[in-house]
Amino acid sequence: MPRITTLLFDRDGTLIKDKGYLADPSGVELLPEAGEALSLLFRRGFRLFVVSNQSGIGRGLFSLEDALACNAALAEQLADFGVTLTDIVFCPHAPEEHCPCRKPATGLWDVLRERHGLRPGAAVMVGDKAEDMAFAARAGLAGRMLTLTGSGLDTFSRLGLGEGPAETLTLRRLIPKSEQEPDLLLPHLSWLPEAIQLVEAAPAAGPSRSAPG
Ligand SMILES: [Mg+2]
Ligand SMILES: [Zn+2]
C-alpha cells in the first residue's frame, strides 16, 4: 500500500487560471479554493511541486524572466495561505524542439527525483490535460488525477470518459485504457485529501502490475 508524500501539480488550468501564454505576473490568478486546498495539504506534511510546460518561451512569446516572475507571483500568492512550494520546474521549449522535458516527456520528473530524492510510488500528479496524465504514467507515479478546472472538462469529454457539467461529476477511480487517461477524476482540488486516501487504499492495477496468468 503506497504512502503518498509528494504532490505534483500542473500550473496553468490546475493551480491558476489558464490565460494562454501568461507572461505578466500581475495576471497570475489562483483558482478558487486552490490556496485553501494546498494549505491543508501543506500543513499535513505533503511536499508540493509544480511541473509546467511553458512553450511560450520557445515560441518567442515571452522571456525566461517573464516565466520566472509568474512562478514567483504564484509562490507569493500561495505564501499568503501559509504554503511553501518545494520546487517549481518548467520546460521552456517549443514542441518542435522535441526536448526531453516537455510533458508528456519525463525530463522534469527526472530533475525533481534527483534533486529531492523523490520516489515515484510516493507521488501523484494533478493536471488538466492528457499530457499531464501521460507524464505521470511514463514516470510510474502512484496516481494521475484529472482536475476539471482549466481544460480538464474538455479533456475528460475528448477522452470519451463522460460529459459535464462539472458540478454533476464527482470524485472517483477510473481504469485508464491508455497513458493519456487519468486513474482518478478529481473534480476540484478541494477533493485532494479524499483522493489521496483512495490512492493509498487501492493502488491502480495497471497491465504491467497484473498478476501473471
Ligand atoms: Mg494545464
Ligand atoms: Zn523542454
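What comes next concerns the included structure. (Residues numbered from 1 in each chain as written. Chains lettered and ligands numbered in written order. Predicted model: local features only at pLDDT ≥ 70, side-chain atom pairs only at ≥ 80, totals over all residues.)

1. Describing helix α5 (residues 130-139)
- With respect to burial, α5 is a largely interior element, eight of its 10 residues being buried.
- When we look at burial in α5, the residues that qualify are Ala130, Asp132, Met133, Ala134, Phe135, Ala136, Ala137 and Ala139.
- The secondary structure elements touched by the buried residues of α5 are α4 (107-116), β4 (123-127), β5 (143-147) and α6 (152-158).
- Directly after α5, the chain includes Gly140, whose backbone phi takes a positive value near 75°. (Buried ≥ 20, exposed ≤ 12 C-beta atoms within 10 Å, placed from the backbone. Helix = DSSP H or I, 4+ residues; strand = E, 2+ residues; numbered from the N terminus. Contact = placed C-beta atoms within 7 Å.)

2. A look at the sheet that holds strand β2 (residues 47-53)
- Reading across the sheet, the seven strands line up as β3-β2-β1-β4-β5-β7-β6 and stay open at both edges, with mixed pairing between neighbours. The outermost strands of the open sheet, each flanked by one partner alone, are β3 (87-91) and β6 (172-173).
- The pairing of strand β1 (residues 6-9) with β4 spans four bridges and is parallel. For Phe9, the partnering residue across the bridge sits in β4 and is Val126.
- Sheet strands touched by α4: β2 and β3. Its angle to β3, the strand with the most contacts, is close to 150°.
- Against the sheet, α5 touches β4 and β5, its axis set at about 165° to β4. (Pairing = 2+ DSSP bridges. Axes fitted to C-alpha atoms, helices over the stretch in contact; angles between N-to-C directions.)

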